[in-house]
Every structure is written in structure tokens, then in C-alpha cells.
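What follows is each chain in one-letter form.
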Amino acid sequence: MLKFAPSILTADLARLKEVVQEAEAAGVDWIHLDVMDGVFVPNLTFGPILVEAVRRVTSLPLDVHLMIVNPERYLEDFARAGADHITVHFEATYHPHRAVQRVKELGKKAGLAINPGTPLEAFEPLLPELDLALLMSVNPGFGGQKYIPTATGRLQRLRAMRDQLNPACLLVVDGGVNRDTVREVYQAGADVAVAGSALFNGRPVVENLKALKEVLYALGGG
């Protein structure tokens, strides 16, 4: 069963409560929150205050993706704000292992993310301790980008690595997941698909989610 985590990056934040609750009612699995600092990626989004606001209006797991330099500075803040999962980027810290350890000390599920140009070997030393391994299938920074085709082979190789080192770790794919690509990421081994504009696009979330799942039902994966 593929889990879906809509990214509120592409949602109408003027209607934050309504869109989050609409997504929950539609049957999504997590809420994904993309935190960007304008340094690690060329965009600036939001911080712990917005995570706290989302926490107040949903019981779904909050999946916080930190695309920020030196994420160690803010791990406690996001944990207090109500994050259930905290994912840091391998490329954004000198000490990814220390950051992962700290997330777990805070009682949260710990994730590590890598960009499309980063070798998969970056995961290997940390996989035994990870709860989530997030593979970017676009270059991080903006919603609505097209899926990078080479991500499929990378996901397949990461799945084999995960199965060997830590079968309990969930594989998350983030970027360009829609009706045209969801079959591909599922067959390549993803456990969770982050979707932004495929779910938040002006149409009802329940209809968008149904459209994605219909692609998988034919494969027995919905």
C-alpha cells in the first residue's frame, strides 16, 4: 500500500485549516511540510509557527522536511511545534548522523533526504538508524516541477539497500508525483509519495487522491 503525503507548499495557505482538514477527510496518510530557508534552496517558506498551526487542526502525522542549512539549530523547535517526523538533508549539515540521533532523542521519527545529484551511498552508513529515507525526484526548492526520470533507477537501488540494511525504514519519494508517474514510483519500491500540485490544485482533494489511487488499484497497490 502506497502512502500519500500532500505537501502544503502548493496549497492555498489563506485557507490553511480548510485545506488540511479536507486532505485528512479525503484519506491522505500524512501532511508534508516543506521548510525552506532561501539558502540551501532558492525559496523561503515557513517555520515552526506554521507547523504548530497545522498541528492544531489535524490528527494526521506531520512530516517535516527541513531544506535548511545546519538543521540542528531548529530540531527542538520543530519537535515542540508538533512534528512527528523530521527529515534533514545530507547536503545541509556537516554532521548528518548527529542530526538523526538528535531527532530520535527528541522522540520523533528521523529521516534523511538526498538531492538528485547526490550518490545513494550517502544513505548507507545511516540507514540502520533511519525511520525514513527521502529521495528527491526533483531539485528541491519549488513545487510543480517535473519528475526526473533517473530517480526511478535510484529508487530501485535504494530499495535493495534498504531491504538489506533496515527493512523497517520507509522509502519516501518527493517531487513530480502525479497520475503519470505514480505507477513508476510505486513499482520502483516507494512506500510513501509526497504530492503537491497533484493533490492541491483547485479540484477537490478527494477526487485527486482517487485519481492517483485508481492507477494503483490495477496493480494491486492501492
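The structure displayed is predicted, hence computed values, not measured ones. (Residues numbered from 1 in each chain as written. Predicted model: local features only at pLDDT ≥ 70, side-chain atom pairs only at ≥ 80, totals over all residues. Heavy atoms only, no water.)

Undergrad: Tell me about the nonpolar core, residues and numbers included.
TA: Most often, soluble globular proteins keep nonpolar side chains buried together rather than apart. Residues Ile 8, Ile 31 and Leu 33 are the most contacted members of the largest nonpolar core, which totals 68 residues. The contacts of Ile 31, once residues within four sequence positions are left out, are Pro 6, Ile 8, Val 20, Ala 23, Val 54, Leu 60, Pro 61, Leu 62 and Asp 63. (Core = buried A, V, L, I, M, F, W, Y, C linked by side-chain atoms within 4.5 Å. Buried < 20%, exposed > 50% of the residue type's maximum accessible area, 1.4 Å probe, protein only. Contact = heavy atoms within 4.5 Å.)

Undergrad: I'd like a description of unusual backbone geometry, backed by residues and values.
TA: With a phi angle near 50°, Asn 70 is a residue other than glycine that sits in the positive phi range. Within the secondary structure, Asn 70 is located in the loop between strand S3 (62-67) and helix H3 (75-81). (Helix = DSSP H or I, 4+ residues; strand = E, 2+ residues; numbered from the N terminus.)

Undergrad: Tell me about the pattern of salt bridges, residues and numbers included.
TA: Note that side chains of opposite charge can pair when their charged atoms are close. Overall, the coordinates contain 9 salt bridges when judged by the stated rule. Across the pair Glu 207 and Arg 203 runs a salt bridge, and its minimum N-O distance is 3.3 Å. By relative accessible area, which is 40% here, Glu 207 ends up partly exposed. One continuous salt-bridge network, built from bridges that share partners, spans Arg 159, Arg 162, Asp 163 and Asp 191. (Salt bridge = Lys/Arg side-chain N within 4 Å of Asp/Glu carboxyl O.)

Undergrad: Provide a residue-level description of the side chain of His 89, including the pertinent values.
TA: Among the secondary structure elements, His 89 is positioned in strand S4 (residues 85-89). The class for His 89 is buried, based on a relative accessible area of 0%. Separated by 2.9 Å, the side chains of His 89 and His 65 make a polar contact. (Polar contact = N/O pair within 3.5 Å; in protein donor to acceptor, adjacent residues only side chain to side chain.)

Undergrad: Describe the environment of Leu 158, with residues and values.
TA: Inspection of the secondary structure assignment puts Leu 158 in helix H5 (residues 151-165). Remark: the alpha-carbon pair of Leu 158 and Phe 78, spanning 80 residues in sequence, is separated by 27 Å.

Undergrad: Residues and numbers for the pairing of strand S5 (residues 109-114), please.
TA: Of all 6 residues that make up S5, 5 are buried, and the element is covered over most of its length. Across 5 bridges, the pairing between S4 and S5 is parallel. Across the sheet, the residue bridging to His 89 is Ala 113, located in S5. Read from S4 through helix H4 (residues 96-105) to S5, the crossover connection turns out right-handed. (Pairing = 2+ DSSP bridges. Right-handed = clockwise from strand over helix to strand, strands pointing away.)

Undergrad: I'd like a description of helix H7 (residues 205-217), backed by residues and values.
TA: Owing to its 3.6 residues per turn, the α-helix brings residues three or four apart onto one side. The end-to-end C-alpha separation of H7 is 18 Å, in line with the 18 Å expected for 13 residues at 1.5 Å each. Listing the buried residues of H7 in full gives Val 205, Asn 208, Leu 209, Ala 211, Leu 212, Lys 213, Val 215 and Leu 216. Tucked into the core, H7 has its buried residues touching strand S1 (3-6), helix H1 (16-26) and helix H6 (182-188). (Expected span 1.5 Å × (residues − 1).)

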